[in-house]
Amino acid sequence: MEKVQGEMEMDRWERSEEISDAEKRVIQETWSRVYTNCEDVGVSILIRFFVNFPSAKQYFSQFKHMEDPLEMERSLQLRKHARRVMGAVNNVVENVNDMDKVSTILALVGKSHALKHKVEPVYFKILTGVMLEVIAEEYANDFTPEVQRAWTKLKNLIYSHVTATYKEVGWAQ
């Protein structure tokens, strides 16, 4: 059964804590290991996202009817989107020391998903949560509590910036 968290959770998620310099280094160090397998990790993230939250597939005409994880894994369109998602996260991580650039990157992502793709913003919260789950499992030795806290701050930062852009463009639910 698919579960999407409610509006009360939204306020807590929209506030992001500042990421310290040490946490930024931790994020970049762990990401460098993850990004060496970006396509496979990205595909794992998207498959879990679509299996656990099948309503998210409605935004993808190329693979919205796929139910079988193996079929999803073989889908060239899904692989292409996985590379795009991982590339966007890579842009954020590479520029985490320049919050103005991060804001610009996430504003572009937010605008395209709000205006062009019409994706409900809650899916960013869900996807970033799934991303952390998959990375924590696949890189368990690297994902200490300290690393988890740093990545949780980055996840919240991504969501808060994207939802702020949704509000700026007048997103109405």
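Here's what I pulled together on the structure shown here.

### Thoughts on the packing of helix 2 (residues 21–35) against helix 5 (residues 76–94)
Relative placement of two packed helices is described by the angle separating their axes and the distance separating the axes. Where helix 2 meets helix 5, the closest approach of the two axes is 10 Å, and the angle between their N-to-C directions is 150°. Classified by the interaxial angle, the pair formed by helix 2 and helix 5 is roughly antiparallel. Where helix 2 crosses over helix 5, the handedness of that crossing is left-handed. Of the residues in helix 5, those in contact with Ile-27, Gln-28, Trp-31, Val-34 and Tyr-35 of helix 2 are Met-86, Gly-87, Val-89, Asn-90, Val-93 and Glu-94. For the contact of helix 2 with helix 5, the residue count by class is seven nonpolar, three polar and one charged.

### What about the packing of aromatic side chains?
Taken as a whole, this structure holds 11 aromatic pairs when the rule is applied. An angle of 45° between the planes, with centres 5.8 Å apart, marks the rings of Trp-31 and Trp-151 as tilted. Note that Trp-31 is positioned in helix 2 and Trp-151 in helix 8 (residues 145–168), a separation of 120 residues in sequence. The buried category is assigned to Trp-31, whose relative accessible area is 2%. Ring plane angle 70° and centroid distance 5.0 Å describe the contact between Tyr-166 and Trp-171, whose orientation is recorded as edge-to-face.

### Quick word on unusual backbone geometry
One non-glycine residue, Lys-118, lies in positive phi territory at about 55°. Tracing the chain through its elements places Lys-118 in the loop between helix 6 (99–116) and helix 7 (122–138).

### Quick look at helix 2
Across its 15 residues, helix 2 extends 20 Å between first and last C-alpha, which sits within 8% of the 21 Å expected from 1.5 Å per residue. When we look at burial in helix 2, the residues that qualify are Glu-23, Lys-24, Val-26, Ile-27, Thr-30, Trp-31 and Val-34. In a view along the axis of helix 2, the buried residues occupy a sector of 160°, so they form one face of it. Against helix 3 (38–52), helix 5, helix 6, helix 7 and helix 8 lie the buried residues of helix 2.

Conventions we followed
Residues numbered from 1 in each chain as written. Predicted model: local features only at pLDDT ≥ 70, side-chain atom pairs only at ≥ 80, totals over all residues. Heavy atoms only, no water. Axes fitted to C-alpha atoms, helices over the stretch in contact; angles between N-to-C directions. Helix = DSSP H or I, 4+ residues; strand = E, 2+ residues; numbered from the N terminus. Parallel < 35°, antiparallel > 145°, perpendicular 65-115°, else oblique. Left-handed = near helix turned anticlockwise from the far one by under 90°. Contact = heavy atoms within 4.5 Å. Nonpolar A, V, L, I, M, F, W, Y, C, P; charged D, E, K, R; others polar. Phe/Tyr/Trp six-rings, centres within 6.5 Å; stacked < 30°, edge-to-face > 60°. Buried < 20%, exposed > 50% of the residue type's maximum accessible area, 1.4 Å probe, protein only. Expected span 1.5 Å × (residues − 1). Arc of directions from axis to C-beta.

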